[in-house]
Amino acid sequence: MRRSLPVQLDAPEVDEVPAGTSSASAVRRDALRTEFDFQLPRGYLDGDGVLHRHGTMRLATARDELLPLYDARVQENPAYTTVVLLSRVITSLGTLGAVTQSVVENMFASDVAFLQDLYRRINAEGHTRAAVTCPSCQHRFDVDISGGRLGES
């Protein structure tokens, strides 16, 4: 699985712009990261018994957050917003052809909670890191919660 190091989504850096050159023509060194790989804690079990754990979530757009408001199921039950929203921003999951609302509805609750937290982190905070503390030595450090394993690249 492709895994990138966690990055803070700050303003992109550009090389120094020579006099008389517009900043638009400057070469960008750091592009905006819009997709984030993840690994579900449990995994989605499809109708054929295949477990899907690895996936990709993209940054949400304003449209992604507005369209669920017009969905009749969301109007009847606002909690359904999560299902509609996640089905829009998860671009891949295992070997599934598409991540539909039905797929999200049938995920384990712990996986949906994981995806909600990932969504919040990448869209509100701009990263997939979480601060943790070792219970033995009390050392504080950051981990990437998107699901990569240590040593993977």
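Residues numbered from 1 in each chain as written. Predicted model: local features only at pLDDT ≥ 70, side-chain atom pairs only at ≥ 80, totals over all residues. Heavy atoms only, no water.

We now examine helix α5 (residues 109-125). The end-to-end C-alpha separation of α5 is 23 Å, in line with the 24 Å expected for 17 residues at 1.5 Å each. D111, V112, F114, L115, L118, Y119, R121 and I122 are the residues of α5 that are buried. (Helix = DSSP H or I, 4+ residues; strand = E, 2+ residues; numbered from the N terminus. Expected span 1.5 Å × (residues − 1). Buried < 20%, exposed > 50% of the residue type's maximum accessible area, 1.4 Å probe, protein only.)

Once that is clear, we can look at the environment of T56. Take T56: it is sitting in strand β2 (residues 51-58). The buried category is assigned to T56, whose relative accessible area is 9%. Along the sequence, T56 and E35 sit 21 residues apart, while their C-alpha atoms lie 6.5 Å from each other. Those residues in contact with T56 that lie beyond four places of it in its chain are E35, F36, D37, F38, V89, I90, T91 and S92. One polar contact links T56 to D37, side chain to side chain, over a distance of 3.0 Å. (Contact = heavy atoms within 4.5 Å. Polar contact = N/O pair within 3.5 Å; in protein donor to acceptor, adjacent residues only side chain to side chain.)

It is worth spelling out the sheet that holds strand β3 (residues 90-93) at this point. Read from one edge of the open sheet, three strands run β1-β2-β3, paired in antiparallel fashion. Each end of this open sheet is capped by a strand with a single partner; those strands are β1 (35-45) and β3. Averaged over all pairs of adjacent strands, the angle between their axes in this sheet comes to 25 degrees, without regard to strand direction. Where β1 meets β2, seven bridges bridge the pair, whose relative direction is antiparallel. By the bridge assignment, F38 is partnered in β2 with G55. Those strands touched by α5 are β1, β2 and β3, and its axis lies near 170 degrees from that of β1. (Pairing = 2+ DSSP bridges. Axes fitted to C-alpha atoms, helices over the stretch in contact; angles between N-to-C directions.)

Let us now look at the confidence of the model for the protein. Overall, the predicted model of the protein reaches an average pLDDT of 79, with 68% of residues at or above 70. Below a pLDDT of 50 lies the segment residues 1-18, which in the model reaches 47 contacts outside its immediate sequence neighbourhood of four places, other chains included. Ignoring residues within four places in sequence, the model shows residues 148-153, a span with pLDDT below 50, making seven contacts including any to other chains. (pLDDT = per-residue confidence, 0-100.)

Another point: the environment of N106. Its location among the elements puts N106 in the loop between α4 (101-105) and α5. Within the local environment of N106, its side chain forms a polar contact with the backbone oxygen of S102, the two atoms lying 2.7 Å apart.

By size, the foremost hydrophobic cluster in this structure holds 25 residues, and its most contacted members are F38, M57, L86, L93, M107 and L115. Put simply, the parts of the chain that give this core at least two residues each are β1, α3 (81-89), β3, α4 and α5. With six residues, the top contributor of residues to this core is α5. Contacts of L86, omitting those with residues within four sequence positions, involve M57, V104, V112, L115, Q116 and Y119. (Core = buried A, V, L, I, M, F, W, Y, C linked by side-chain atoms within 4.5 Å.)

Before going further, it helps to spend a moment on the side chain of R33. Along the chain, R33 turns up in the segment before β1. Polar contacts involving the side chain of R33 include one to the main-chain carbonyl oxygen of E35, which spans 3.3 Å.

Time to look at α3. Given 3.6 residues per helical turn, the α-helix brings residues three or four places apart onto the same face. Restricting attention to buried positions, one finds in α3 the residues V83, V84, L85, L86, S87 and V89. Buried residues belonging to α3 abut β2, α1 (62-66), α2 (72-76), β3, α4 and α5.

Right, let's get into the pattern of salt bridges. Under the definition given, this model contains five salt bridges. Note that R88 is salt-bridged to D64, the shortest N-O span being 2.9 Å. One end of the pair, R88, is in helix α3; the other, D64, is in helix α1, with 24 residues separating them in the sequence. According to the relative accessible area criterion, R88 is partly exposed, its value standing at 30%. Under the relative-accessibility criterion, D64 is labelled buried at 1%. (Salt bridge = Lys/Arg side-chain N within 4 Å of Asp/Glu carboxyl O.)

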